[in-house]
Amino acid sequence: MNIKHIAIIMDGNGRWAKKKRLKRVAGHKRGAEVVREITTHLAKKGLKYLTLYAFSTENWKRPKLEVEFLMNLLDKYLKNELQTYIDNKIKFDTIGDITKLPKRVQNRIQKTKDITKNFNGLTQVLALNYGSQDEIIRVSKKMCENKIEFTKENFEKNLDTANFEPIDLMIRTSGEKRVSNFLLWQLAYAELYFSPTLFPDLTTNELDEILNNFNTRERRFGGV
Ligand code: IPE
Ligand code: IPE
Ligand code: MG
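Residues numbered from 1 in each chain as written. Chains lettered and ligands numbered in written order. Predicted model: local features only at pLDDT ≥ 70, side-chain atom pairs only at ≥ 80, totals over all residues. Heavy atoms only, no water.

Q: What exactly am I supposed to notice about the overall build of the protein chain here?
A: A tally of helices and strands in the protein chain yields eight helices and six strands. Its helices and strands in sequence order give the protein chain the pattern β-α-α-β-α-α-β-α-β-α-α-β-β-α, from N to C terminus. The dimensions of the protein chain, computed from C-alpha atoms along their principal axes, are 50 × 45 × 35 Å. Sorting the 224 residues of the protein chain into buried and exposed places 48% on the buried side. For the protein chain, the share of sequence-separated contacts (at least 6 apart) that also reach a separation of at least 24 residues comes to 75%. Of the roughly 12000 Å² of accessible surface on the protein chain, 51% is carried by carbon and sulfur atoms. Charge separation in the protein chain, taken as the distance between the mean sites of 40 positive and 28 negative side-chain charges, equals 5 Å. (Helix = DSSP H or I, 4+ residues; strand = E, 2+ residues; numbered from the N terminus. Buried < 20%, exposed > 50% of the residue type's maximum accessible area, 1.4 Å probe, protein only. Contact = heavy atoms within 4.5 Å. Areas by Shrake-Rupley, 256 points an atom, 1.4 Å probe, with all protein chains shown as cover. Lys, Arg positive; Asp, Glu negative; His and termini not counted. Charge placed at Lys NZ, Arg CZ, Asp CG, Glu CD.)

So, in structure tokens, the structure goes:
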């Protein structure tokens, strides 16, 4: 595969549910199934990194019940999908400040990371309590405290994404054309793709079409 790292803003779960006259959380539930489908699909195709925006630093503003549902869904997802990680040699990782998540979810995250840490297939990275502005402030504070010189290389080494390859392609579903505090530094030279599809309706076929579209693009990185 000529592409190493895809990042996705998984948006539109609430609107999907509304269209079907269901509660918003039904959209999140279907969204979690799509996460499994696209993760295994891309793992089989040989992608190295898939970063998924699952919960932003701003999503705490949502109704308490929705936030609770999302935390429980995450816990259940990691528990139920453990076998999927094992079967497909998928390594699990996170970005974002997970110390603010419920303790039981933090434990589940740690356990999943420990079990999958030596797998060398796809690395699935969930962005949890992730906000790019928060990340940049955390990195800057750490570098000041440790008296690390502010260079591009040092900054990147301290970002949550330090261990991953640069992002080649960022996809946002649901038709919104904004980045909503996702990977502001890391998207510097990523290709962007905005799909009108609501995330719960995203299929592996559409994903393959998006990859074909990516292949037609000429990346210049400021050169000629
Ligand atoms: C994205 O779907 C999932 C999360 C932010 C957790 P939304 O919940 O934002 O769905 P819409 O945008 O309201 O349709
Ligand atoms: C971005 O979606 C966050 C995630 C997908 C987790 P939002 O639905 O929170 O973003 P806005 O509010 O439309 O910008
Ligand atoms: Mg949304």
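We are not done yet, so read on.
Q: Which parts of the structure should I look at to understand the nonpolar core?
A: One broad rule of soluble globular proteins: the nonpolar side chains tend to lie buried together. Ranked by internal contacts, the top residues of the largest apolar core, which has 39 residues, are I6, I8, I38, L50, L52, I109 and F199. Every element with two or more residues in this core is listed here: β1 (5-9), α2 (24-45), β2 (49-56), α3 (64-80), α5 (103-116), β4 (123-130), β5 (169-172) and α8 (204-215). No other element matches α3, which puts seven residues into this core. Excluding anything up to four places from it in sequence, F199 contacts I8, M10, D11, G12, N13, G31, V34, V35, I38 and T173. (Core = buried A, V, L, I, M, F, W, Y, C linked by side-chain atoms within 4.5 Å.)

Q: Quick question: what am I supposed to make of the site of ligand 1 here?
A: The environment of ligand 1 is formed by M10, D11, G12, N13, G14, R15, R24, H28, A54, N59, R62 and L70. Within the side chain of D11, an N or O atom sits 2.8 Å from an oxygen atom of ligand 1. Within the side chain of R15, a nitrogen or oxygen atom sits 2.7 Å from an oxygen atom of ligand 1. For ligand 1, whose free accessible area comes to 380 Å², the fraction covered by protein is 86%. Here ligand 1 is seated within the largest pocket. Take the shell around ligand 1: its biggest share by element is three residues, from helix α1 (residues 13-19). Classifying every residue of the shell around ligand 1 gives three nonpolar, five polar and four charged. (Near = heavy atom within 4 Å. Polar contact = N/O pair within 3.5 Å; in protein donor to acceptor, adjacent residues only side chain to side chain. 1 Å grid on protein atoms, 1.4 Å probe; cavity = no way out; pocket = protein on both sides within 12 Å on 5 of 7 lines; lining within 4 Å. Sits in = over half its atoms within 2 Å of the grid points. Nonpolar A, V, L, I, M, F, W, Y, C, P; charged D, E, K, R; others polar.)

Honestly, it's all geometry; don't read function into it.
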